[in-house]
Amino acid sequence: VKMLLKDGAREKLTKIGAENLTNAELLRAFLSCCGQEQAVNRLSQEFWDQVGDIVGYSLLTQRERQTIFSQLPAESLALEAAIELGRRVQRQPIHLLGKVLGSAQIGNLMVARFQKNPQEHLVLLCLDTKNQIKQERVIFKGGLNSAEVHPREIMAEVLRYSSNGFILVHNHPSGNVEPSMNDVAFTKKMKKIGDLMGIRLIDHLIVGDQTYWSAAENRVLNDC
């Protein structure tokens, strides 16, 4: 739904939802909801002058955040609380147990889970005969560069839950989802090991900040 330019940010928030507003409009809507309609232009300018862009807010100290609107301490605290609440909602684990999901659904859910996470994680999803997710395990948490995991650690968990198939997911803290040569080699190795044991590797997903890469969708598993 496209709103007319004359409509205010608060009205747009009400009519089309927060997800459809720009960063600038969200800030203006926040100030308006705090009762600062008359000063919204000045206060918005003060905010962007100090923060630069929305990512810059996370680089500020707590004291700096609380003085963004120096004459409005209550609004500064409310903004800090609202952003932290949104951050926690974003980080809240999304439980997948008991669901039958395709690569795109899992990929998008995992993007939301690991977005901006500075550590690399390798997640194992164990599936039953109906392709329902019966167990979810974090196999590895590592540094920024690599996830060194032996296949036996993965397959031990796959066997523990009597899995009919399994999916691997790992995040790239850099945000770039292009697989490395090691990622591709690891995927093919796990596919062959699974085939030997009669347990199918259904997919290996790499997730970044905005998108994901799927071995199944890119037909990497077909070459094994």
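Residues numbered from 1 in each chain as written. Predicted model: local features only at pLDDT ≥ 70, side-chain atom pairs only at ≥ 80, totals over all residues. Heavy atoms only, no water.

So, on to the pattern of salt bridges. Scanning all chains against the criterion turns up 6 salt bridges. One salt bridge in this structure joins K191 and D195, with 2.8 Å as the shortest N-O distance. Within this pair, K191 and its partner D195 are both found in helix α8 (residues 181–197), separated by 4 residues, close to a single helical turn. What makes K191 buried here is its relative accessible area of 13%. D195 gets classed as partly exposed once you look at its relative accessible area, which sits at 42%. (Salt bridge = Lys/Arg side-chain N within 4 Å of Asp/Glu carboxyl O. Helix = DSSP H or I, 4+ residues; strand = E, 2+ residues; numbered from the N terminus. Buried < 20%, exposed > 50% of the residue type's maximum accessible area, 1.4 Å probe, protein only.)

What follows concerns the packing of helix α7 (residues 151–160) against α8. The angle between the axes and the distance between the axes are what describe a pair of packed helices. Closest axis-to-axis distance for the α7/α8 pair is 11 Å, and the angle between their directions is 40°. Considering the angle they form, α7 stands oblique to α8. Every pair of crossing elements has a handedness; the one defined by α7 and α8 is right-handed. Taken together, the residues of α8 that come into contact with α7 (itself represented by P151, I154, M155 and L159) are F186, K189, M190, I193, G194 and M197. (Axes fitted to C-alpha atoms, helices over the stretch in contact; angles between N-to-C directions. Parallel < 35°, antiparallel > 145°, perpendicular 65-115°, else oblique. Left-handed = near helix turned anticlockwise from the far one by under 90°. Contact = heavy atoms within 4.5 Å.)

Right, let's talk about the packing of aromatic side chains for a bit. Enumeration according to the criterion identifies 2 aromatic pairs in this entry. A ring pair is formed by F47 and W48, whose centres lie 4.8 Å apart and whose planes are at 90°; its orientation type is edge-to-face. Its relative accessible area of 22% is what places W48 among the partly exposed residues. Through pairs of rings, three or more aromatic residues link up here, namely F47, W48 and F69. (Phe/Tyr/Trp six-rings, centres within 6.5 Å; stacked < 30°, edge-to-face > 60°.)

Right, let's get into the pairing of strand β1 (residues 120–127). Of all 8 residues in β1, 8 are buried, a share of seventy percent or more. Here β1 shows two buried faces, one formed by E120, L122, L124 and C126 and the other by H121, V123, L125 and L127. Between β1 and strand β2 (residues 133–142), which follow one another and run antiparallel, lie 5 residues, and N131 among them has a positive phi close to 65°. (Pairing = 2+ DSSP bridges.)

A few words on α8. With 17 residues, α8 extends 25 Å from end C-alpha to end C-alpha; this agrees with the ideal 24 Å at 1.5 Å per step. When we look at burial in α8, the residues that qualify are D183, F186, T187, M190, K191 and G194. Buried positions in α8, seen along its axis, are confined to an arc of 140° and lie on one side of it. Of the exposed residues in α8, those oriented more than 90 degrees away from the buried face are M181, N182, K192 and L196. (Expected span 1.5 Å × (residues − 1). Arc of directions from axis to C-beta.)

We now examine the pairing of strand β3 (residues 165–171). Most of β3 is tucked away, with 7 of its 7 residues classed as buried. Across the two faces of β3 the burial is the same, with G165, I167, V169 and N171 and F166, L168 and H170 all buried. Where β1 and β3 come together, 6 bridges link them in antiparallel fashion. Within β3, the residue paired with L124 across the bridge is L168. As judged from the 7 bridges shared by β3 and strand β4 (residues 200–207), these two strands associate in the parallel manner. Within β4, the residue paired with G165 across the bridge is R200. A crossover connection joins β3 to the parallel β4 through α8; in handedness this β-α-β unit is right-handed. (Right-handed = clockwise from strand over helix to strand, strands pointing away.)

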